[in-house]
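Here are the chains, one letter per residue:
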Amino acid sequence: MKTFCGRANPTTGSMEWLEEGEDYDYHQEIARSRYADMLHDKDRNVKYYQGIRAAVSRVKERGEKAIVLDIGTGTGLLSMMAASAGADFCYAIEVFKPMANAAVKIVEKNGFSDKIKVINKHSTEVTVGPDGDMQCRANILVTELFDTELIGEGALPTYEHAHKYLVQEGCEAVPHRATVYVQLVESRRMWSWKKLFPIHVEAEDGEKILVPPSEMENCPGVPSVCDIQLNQMPSSDFSTLSDVVTMFSVDFSKPVQSASTYYRVQLEPVKSGKAQIVLSWWDIDMDPSGMINCTMAPYWVKPTSALQWRDHWMQCVYFLPREEPVLQGEKLYLTACRDEYSVWYNLQKAREGENKADEEEHKADVRVESPVCRCRAHLLWNRPRFGELNDQTRTRQYIKSLRKVLKTDSVCLCISDGSLLPVLAHYLGAKQVQCMQPSRIDLYHPPELWQAFFKANHLEDKIKIIEARPELLKPSHLEGKKVSVLVGEPFFMTSLLPWHNLYFWYARTAVSPHLASNVTVLPQSASLHMMIVEFQDLWRIRSPCGTCEGFDVQTMDDMIKNSLNFRESKEAEPHPLWEYPCKSLSDPLEVLTFDFTKTVPQHCLSTEGSVKLLRKGKSHGAVLWMEYHLAADISVSTGLMQLPDEKGNCEWNPHCKQAVYFFSSVIESEIQSDPTAVTYAINFDTKTGEIAMDFKL
Ligand code: SAH
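Residues numbered from 1 in each chain as written. Predicted model: local features only at pLDDT ≥ 70, side-chain atom pairs only at ≥ 80, totals over all residues. Heavy atoms only, no water.

The chain appears in an unreviewed UniProt entry as Protein arginine N-methyltransferase 7 from Pycnonotus jocosus. Database annotation for the chain, UniProt heading Catalytic activity (unreviewed entry): "L-arginyl-[protein] + S-adenosyl-L-methionine = N(omega)-methyl-L-arginyl-[protein] + S-adenosyl-L-homocysteine + H(+)". (UniProt positions renumbered as here; feature names shortened; annotations may be inferred.)

Set out below in structure tokens:
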């Protein structure tokens, strides 16, 4: 079956109708899936295997047959472990059809077809009985249904159902229990992902301070989880205000309740400070004794044990509804509220001489509804974007360049989503300022937010929002004037890959008739940069596994490879590289430039060449990013922040995702005296806005 899917092209902005076979989605899902990452997670695999062996032995010691229910079998791995450990029979449930098919093949290849029955169903659809999917209820329950937030993938309702209908009372569960830990911290860096800080602007007529509207101050933000590689957050970027505290745990061997609830713990800060953030992670005990433990604890919690790198489970950052000054030794209550799929936090101070009755009253205060953004800023700006807008160094670059190009009679048009440039341009003396937020018009365009924002800064009537797409701009929108300064960050919500923000160039082209002949465009140009790298760990997510704990999972590798090749040209994928360290193996290279002072040309822009490998290492792929040249000598980079050091260590822009093109084979340059090179061909098709690339090692 073919379907037509309509979408706006992120680079050109034009509406496209793509004919997609029904296979398309699942290829995307598999190509970008975490299966490879899970299979490379040695620590997880070894501990599951130990836990499964122990559970099978316990059941056998009781003289019972070991009947296993494996919910979400994926490749069939955990069922194969159970079968090898001596289980009598395994029911392997998998809802995702392509995976269930793969599991059948893998189970067969490993010789377990008579012991493992793969059932392509959601576990809640599975039936038990003589004619059912399962002959009888299982006495061992094995699952791996956890995300970084533990419950975000629906583990609780799945367990709740399984205990009611699919497993025996007193069953063994692997994992046996999960425990969620928290630590209260102060961190300007992480707090800057939720709040807009005041922005200081030196204007001709004195210092101006741009402040967020009061609605933003106490807004709880959005409920979506903020999961990051906390191990990449240097200890200098936060300060711990409490010890690590156990927040709650779930015993998977007993009936599980998924209904909304809350957990409360008492805390005493170990240090005075501003409570802003709750950092959280979990661990799982594979057996009841707690001897087989798999933990996501970050580096400062267990500094002696070796950290297992993984991307499928990381750590969570929760933002308190408001910042709370706390004193060392004071009595605090931290509440974790949860519904079926997500968790959020609240901090309360215990009142002086609190007694039991007050404590009960406190409980009644607990907010059980999940956070909903009331100020609308959290719908307009996501967390990295908040971080970017709060980046003072970046803002200063824009102020410096605006100051160079603005005059008192400037008619300024800004094209960027949710940008503060129009306010800066006004403060810096532009006579007339208009702005367009192209991606926001039809979807969430929040005029109330801007009204509140302008009101808080006495900017009503000073800045006009044009509610039209660039190609529909009319002279009346500009009060009959021509634009003398066209600005953009550029930033658009629809951008996934760095070059998608080239939409600014297309918008600039569309508004050309409205530009004065001597118009200044800021940025004046952009350039695409590239560097060959060796990843410390990220390579795992796209690397074949072959065998996993002795089981042949090559079918899975082939399936991923096939999905990656589904589109003729392999695509680059976005990753925030501050979370994924790599070593540069080549110098960074400027590969293409885009001249915003001119309109988008009809012809393609292409380049080819070769780049020398300077260091020993494995070439896992190429990293690509954009740099914007705001004015003479002033550039901002969305990728490398400075040249790599002598060892090749890189510092990446902490607010942006860079593009990563993984090479299909890895070369290892061993001998420095014999430098190898990577040849590349890169083509920017100005009609489709797509960048195609090819690398030869
Ligand atoms: N057990 C495998 C794969 C874990 S990934 C391993 O440990 O390597 C989780 C898998 O569970 C996914 O393939 C997902 O499609 C599946 N899944 C999640 N919830 C499910 C449910 N309730 N019923 C059936 N499959 C489920």
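Q: Where do I start with the UniProt feature "domain: Protein arginine N-methyltransferase" (unreviewed entry) in the chain in this structure?
A: Look at the UniProt record and you will see "domain: Protein arginine N-methyltransferase" (unreviewed entry) annotated at residues 176-347 and 524-684. Secondary structure over residues 176-347 splits into 5% helix and 46% strand, and the C-alpha atoms at its two ends are 30 Å apart. (Helix = DSSP H or I, 4+ residues; strand = E, 2+ residues; numbered from the N terminus.)

Q: Explain the nonpolar core here, please?
A: Nonpolar side chains tend to gather and get buried jointly when the protein is soluble and globular. Grouped together as the largest cluster of nonpolar side chains are 111 residues, with contacts concentrated most on Y48, L69, L334 and Y345. With 7 residues, the single largest contributor to this core is strand 15 (residues 273-285). Discounting chain neighbours no more than four positions away, the residues touching L334 are V182, M247, Y263, R264, V265, L267, V278, L320, Y345, N346 and L347. Of all hydrophobic cores here, the second largest spans 92 residues; its members include M216, F386, C435 and M436. (Core = buried A, V, L, I, M, F, W, Y, C linked by side-chain atoms within 4.5 Å. Buried < 20%, exposed > 50% of the residue type's maximum accessible area, 1.4 Å probe, protein only. Contact = heavy atoms within 4.5 Å.)

Q: Even after reading the chapter, I still don't get the pattern of salt bridges, so can you show me in this structure?
A: Two side chains bearing opposite charge may form a pair once their charged atoms approach each other closely. Counting across every chain of the model gives 28 salt bridges. Here D205 and K208 are joined by a salt bridge, their closest N and O atoms 3.2 Å apart. The partly exposed category is assigned to K208, whose relative accessible area is 22%. D694 serves as the salt-bridge partner of K696, at 3.2 Å between the closest nitrogen and oxygen. For D694, a relative accessible area of 38% translates into the label partly exposed. When salt bridges with common partners are traced through the structure, they connect D41, D43, K47 and R310 into a single cluster. (Salt bridge = Lys/Arg side-chain N within 4 Å of Asp/Glu carboxyl O.)

Q: Could you clarify how one ought to interpret the site of the ligand in this entry?
A: Around the ligand, the structure places 18 residues, and the nearest of them are Y35, R44, G72, E94 and S123. For the ligand, a nitrogen atom lies 2.8 Å from a polar atom in the backbone of G72. Alone, the ligand offers 580 Å² of accessible surface; in the complex the protein occludes 89% of this. Of the residues belonging to the shell around the ligand, the class tally is 8 nonpolar, 6 polar and 4 charged. (Near = heavy atom within 4 Å. Polar contact = N/O pair within 3.5 Å; in protein donor to acceptor, adjacent residues only side chain to side chain. Areas by Shrake-Rupley, 256 points an atom, 1.4 Å probe, with all protein chains shown as cover. Nonpolar A, V, L, I, M, F, W, Y, C, P; charged D, E, K, R; others polar.)

Q: Help me out: how do you make sense of helix 3 (residues 42-61) in this one?
A: Helical periodicity: at 3.6 residues per turn, an α-helix aligns residues three or four positions apart in one direction. In this model helix 3 runs 28 Å from its N-terminal to its C-terminal C-alpha over 20 residues, within 8% of the 28 Å that 1.5 Å per residue would give. Taken residue by residue, helix 3 has D43, R44, N45, K47, Y48, Y49, G51, I52, A55, V56 and V59 as its buried positions. (Expected span 1.5 Å × (residues − 1).)

Q: Please explain the domain arrangement of the chain as it appears in this structure.
A: The accessible area lost on association of the parts is a frequent measure of interface size. Considered domain by domain, the chain is made up of domain 1 (3-32), domain 2 (34-144), domain 3 (178-373), domain 4 (391-522) and domain 5 (527-696). Centre-to-centre separation of domain 4 and domain 5, based on C-alpha positions: 31 Å. Each partner contributes to the interface: domain 4 provides 22 residues, whereas domain 5 provides 33 residues. In total, about 2300 Å² of surface goes out of reach between domain 4 and domain 5, with carbon and sulfur atoms giving 73% of it. For the pair domain 4 and domain 5, the number of links is 0 salt bridges. Taken together, domain 4 and domain 5 are joined by 8 residue pairs in polar contact (both at pLDDT 80 or more). Where the side of domain 4 that touches domain 5 is concerned, the elements lending two or more residues are helix 12 (392-405), helix 15 (503-510) and strand 24 (515-522). Classifying every residue of the side of domain 4 that touches domain 5 by side-chain character gives 12 nonpolar, 5 polar and 5 charged. (Domains from an automatic or database assignment. Buried area = accessible area lost by both parts, 1.4 Å probe.)

Q: Would you mind going over the sheet that holds strand 36 (residues 690-696) with me for this structure?
A: Two strands in a sheet stick together by hydrogen bonds in their backbones, pointing the same way (parallel) or opposite ways (antiparallel). Strand order in this open sheet of 3 strands is 31-35-36, and the pairing throughout is antiparallel. With partners counted over all chains shown, the strands left at the sheet margins are strand 31 (605-612) and strand 36, one partner each. Strand-to-strand twist of the sheet, defined as the mean angle between neighbouring strand axes without regard to direction, takes the value 15 degrees. One ladder, built from 7 bridges, connects strand 35 (residues 677-685) with strand 36; its direction is antiparallel. Residue I682 lies in a different strand from strand 36, and its bridge partner there is M693. (Pairing = 2+ DSSP bridges. Axes fitted to C-alpha atoms, helices over the stretch in contact; angles between N-to-C directions.)

Q: Is there a simple way to think about the environment of L528 in this case?
A: Position of L528 among the secondary structure elements: in strand 25 (residues 525-535). Taking relative accessible area as the criterion, L528 reaches 0% and is therefore assigned buried. Residues L528 and S253, spaced 275 residues apart in sequence, show a C-alpha to C-alpha distance of 54 Å. In contact with L528, not counting residues within four places along its chain, are W499, L589, E590, V591, L592, F594, L624, W625, M626, I682 and I691.

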